[in-house]
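This is what each chain is made of:
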Amino acid sequence: MLILNILPISLQQGLAYALVALGITLAFRVLAFPDLTVDGSFPLGGAVAARLIFEGVEPTLSVAVATLAGFAAGSMTGLLNTRLKINSLLAGILMMTILYSVNLRIMGRANIQLLDRPTMFTFMENMDISRYIPVIIFFLLVTVAIKALLDIFLHTEYGLALRATGNNEDMIRSLGVNTDNATVFGLGLSNALVALSGALIAQDQGFADVGMGIGMIVAGLASIIIGEAMIKPKTVFRLTLAAVVGSFLYRFIISLGLRLGLAPTDLKMATGFMVILALGIPAFKKSREGKIHLRGI
Amino acid sequence: MSDNILALEGVTKIFNAGTLDEKRALDHIDLKVVPGDFITIIGSNGAGKSTLLNVIAGTYLPDDGRIMIAHQDVTRAPEHRRARYIARVFQNPTMGTAADMTIEENLSIAELRGKRRRLKWGVTEARRKRYSEILKVLDLGLEDRLKQPVGLLSGGQRQSMTLLMTTLTLPQLLLLDEHTAALDPRTAAKVIELTETMVTQHKLTTLMITHNMNQALRYGNRMIMLHQGRIQIDVQGDEKQQLTVREVIDKFGTTLKDETLLACGPTPS
Ligand SMILES: Nc1ncnc2c1ncn2[C@@H]1O[C@H](COP(=O)(O)OP(=O)(O)OP(=O)(O)O)[C@@H](O)[C@H]1O
Ligand SMILES: [Mg+2]
């Protein structure tokens, strides 16, 4: 009964945040780049979309602009790393910090309410059914479409080069690929997905908040770890599927925890422990066998 | 205009310049290579052999001198821009392939060496057919494992595959850096035979570093020996064919380290 109760909310959130998990998968797993920009690019997507919608811009167009902004943010992290030779973790932290101020500037304050504005979700309010159903269908369609596009992209000539950049950079460079550019583009794409998620979620929840990205990476990593424990990422298709399924399972576990008395304020701590546990268990077992092999971590 | 495919003029590479660790790895190297040359390179540890290939490929930029490939001055060109001319195989079998990607994906990546990579499907049906045909040459059964990740292959299989990958799009220059050194003797012998076959078949201009002097004398039409960043011996044609291991050792044994000498095997008396 409890499980049935939390299923809709887990599905909705799992699918909505699946784009974040896909973005993180692209950076961490495909490019082997531990990108921390996400905590800033997620609210960036929300901030840009919210501000534009608030100013009366068409919601779909606002989302497109927000996605592009995410791409720019990710590319910047890539440029800091490849051109200025700043360590990858630090490059992400720098961008994340800079984006905090940028997001405040974009919104002009700490949050923007969208309840009285027309959003991409407005038409669903007037339907005769529970709001969950159209919202879940909407996020399902978006997530499936993005996952499919990502799968196809990673099998194109350029996509293969991108994957090789994360797998064996020296090799692919000697085969004529400018790996710096590949990294910049890949991180741009990754953060574009994250910002897209932020833009859609801001509309769904009816507001954008400058703090909405805090802990996003850790939650995304938790999702990926859970997903890959269920679905061995032997192919690109399974790798992206693991991100989507993991995102749902993570939200499900969190909702369950909250129902069972976990204080919402302890949520991020619980998520952090989840990741530590998953990454740490093999160290206790003292065997490299079955060690969670997350490239980029 | 000369018909050199590769020309090095006074190429010098200094590591850690201005520090206590300063090391002149290449010292005014002049080298001209004509199309079809199959050059073996020997020299003791630290002689500068790998550095020579790295400077040619653009992994390192030289501190002095000029490098021309196919009449283009590439002295300052970054590695990825030289890829259209150059294919490489390294000592470590893991270096030449992407372990997490499938055999056919690796081949496709290599086929596009130095070319524009587009948003078109990477492993097309036509390519897959071609790869399967080409892999049969290796006689390792890899043609039936196209969709398996390369990481599952043995070192010898990976190295053979890397070698094959260099010829999917024929390079102007093939650079081999002790590419059989990490393999067991039987596999090494097979890979070196494959090398010889491919180089002859495609008339590839090749520079091959080896620690095995028998190999160095047996294969190729020209042999150079490096010592302390300089070319100490450069023999070709009949002179090379008649050279024996004993002669090289008698003349230059003092500059060769034990490893190379040990690798010579029984010397003809
Ligand atoms: N990246 C580097 N940084 C500093 N010194 C280097 C670097 N690469 C090579 N060297 C030094 O340059 C010299 C030549 O090295 P190189 O690798 O070319 O030798 P080699 O002839 O290939 O030797 P080996 O037979 O051991 O492979 C050595 O003294 C080496 O320590
Ligand atoms: Mg070497």
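None of these values were measured; they are calculated from a predicted model. (Residues numbered from 1 in each chain as written. Chains lettered and ligands numbered in written order. Predicted model: local features only at pLDDT ≥ 70, side-chain atom pairs only at ≥ 80, totals over all residues. Heavy atoms only, no water.)

**A word on the site of ligand 1**
All names here are of chain B.
At step 1: Every one of the 15 residues lining ligand 1 counts as a neighbour, but N45, G46, K49, S50 and T51 are closest to it.
At step 2: Residue A47 places a main-chain N or O atom 3.2 Å away from an oxygen atom belonging to ligand 1.
At step 3: The separation between an oxygen atom of ligand 1 and a polar side-chain atom of K49 is 2.7 Å.
At step 4: When residues of the shell around ligand 1 are traced back to their parent elements, those giving at least two are β2 (23–33) and α1 (49–57). (Near = heavy atom within 4 Å. Polar contact = N/O pair within 3.5 Å; in protein donor to acceptor, adjacent residues only side chain to side chain. Helix = DSSP H or I, 4+ residues; strand = E, 2+ residues; numbered from the N terminus.)

**A word on the packing of aromatic side chains**
Residue and element names in this part refer to chain A.
At step 1: Inspection of the entire model under this criterion finds ten aromatic pairs over all chains.
At step 2: Each ring, one from Y17 and one from F42, has its centre 5.8 Å from the other, and the planes form 25°; the classification is stacked. Of this pair, Y17 sits in helix α1 (residues 2–30) while F42 sits in helix α2 (residues 38–54), and the two are 25 residues apart along the sequence.
At step 3: Between R109 and the ring centre of F54, over which it is positioned, the NZ or CZ distance is 5.0 Å.
At step 4: Over the face of the ring belonging to Y17 we find R251, whose NZ or CZ atom lies 3.8 Å from the ring centre. (Phe/Tyr/Trp six-rings, centres within 6.5 Å; stacked < 30°, edge-to-face > 60°. Lys NZ or Arg CZ within 6 Å of the ring centre and 35° of its normal.)

**Focus: the pairing of strand β4 (residues 64–69) of chain B**
Regular strands show a simple pattern: their side chains alternate between the two faces of the sheet.
All names here are of chain B.
At step 1: Where strand β1 (residues 6–15) meets β4, five bridges bridge the pair, whose relative direction is antiparallel. Of the residues in β4, the one forming a bridge with L8 is I67.
At step 2: With two bridges connecting them, β4 and strand β5 (residues 72–73) associate as antiparallel partners. The residue of β5 that forms the bridge with M68 is D73.
At step 3: Linkage of β4 to β5, two consecutive antiparallel strands, is achieved through a turn of two residues, within which A70 is found at a positive phi near 50°. (Pairing = 2+ DSSP bridges.)

**Some thoughts on the sheet that holds strand β10 (residues 230–236) of chain B**
Residues and elements named next belong to chain B.
At step 1: A sheet is described by the order of its strands in space; here six strands give the open sequence β6-β7-β8-β3-β9-β10, paired in mixed fashion. Both outer strands of the open sheet, β6 (86–89) and β10, are each paired with one neighbouring strand and no more. For this sheet the average axis-to-axis angle between neighbouring strands, irrespective of direction, equals 15°. (Axes fitted to C-alpha atoms, helices over the stretch in contact; angles between N-to-C directions.)

**Considerations on the sheet that holds β5 of chain B**
Residue and element names in this part refer to chain B.
At step 1: Pairing is antiparallel in the open sheet, where four strands are placed in the order β2-β1-β4-β5. Looking along the sheet, the strands with just one partner apiece sit at the ends: β2 and β5.
At step 2: Taken strand by strand, α1 contacts β1, β2 and β4, and its axis lies near 115° from that of β1. (Contact = heavy atoms within 4.5 Å.)

**Points about the environment of L140 of chain A**
Residues and elements named next belong to chain A.
At step 1: Here L140 shows up in helix α6 (residues 132–153).
At step 2: Here L140 falls in the partly exposed class, since its relative accessible area comes to 39%.
At step 3: Along the chain, L140 and G14 lie 126 residues apart, while their C-alpha atoms are 9.6 Å from each other. (Buried < 20%, exposed > 50% of the residue type's maximum accessible area, 1.4 Å probe, protein only.)

**A few points about the interface of chain B and chain A**
By convention, interface size is frequently given as the accessible area that disappears when the constituent parts associate.
At step 1: Counting residues at the interface gives 30 residues for chain B, matched by 21 residues for chain A.
At step 2: Summed over both partners, the interface of chain B with chain A comes to about 2,200 Å²; 59% of that surface belongs to carbon and sulfur atoms.
At step 3: Broken down residue by residue, the surface that chain B buries against chain A is led by H80, R117 and W121 of chain B, which jointly contribute 26%.
At step 4: With its nearest N and O atoms 3.2 Å apart, the salt bridge here joins R127 of chain B to E157 of chain A.
At step 5: Between the two partners, chain B and chain A, sit 13 residue pairs in polar contact (both at pLDDT 80 or more).
At step 6: Elements represented by at least two residues in the side of chain B that touches chain A include exactly α2 (79–82) and α3 (103–111) of chain B.
At step 7: Tallying contributions element by element places α3 of chain B first for the side of chain B that touches chain A, with five residues.
At step 8: Along the lines of polarity and charge, the residues of the side of chain B that touches chain A split into 13 nonpolar, eight polar and nine charged. (Buried area = accessible area lost by both parts, 1.4 Å probe. Salt bridge = Lys/Arg side-chain N within 4 Å of Asp/Glu carboxyl O. Nonpolar A, V, L, I, M, F, W, Y, C, P; charged D, E, K, R; others polar.)

**Some remarks on the layout of surface pockets**
Residues and elements named next belong to chain A.
At step 1: The space that makes up the second largest pocket amounts to roughly 660 Å³.
At step 2: Forming the boundary of the second largest pocket are 29 residues, of which Q13, Y17, R251, L267 and K268 lie nearest the centre.
At step 3: Broken down by secondary-structure element, the contributors of at least two residues to the lining of the second largest pocket are α1, α9 (179–205), β2 (207–209), α10 (216–230), α11 (236–259) and α12 (267–285).
At step 4: Tallied by class, the residues present in the lining of the second largest pocket amount to 17 nonpolar, seven polar and five charged. (1 Å grid on protein atoms, 1.4 Å probe; cavity = no way out; pocket = protein on both sides within 12 Å on 5 of 7 lines; lining within 4 Å. Points joined across faces, edges and corners; volume = space filled by probe spheres on them.)

**Some points on the nonpolar core**
At step 1: I103 and L135 of chain B are the most contacted members of the largest nonpolar core, which has 108 residues in total.
At step 2: Ranked by the residues each element gives to this core, the list is headed by α1 of chain A, at 13 residues.
At step 3: Membership of the second largest hydrophobic core comes to 28 residues, among which are L6, L8, V74 and L226 of chain B. (Core = buried A, V, L, I, M, F, W, Y, C linked by side-chain atoms within 4.5 Å.)

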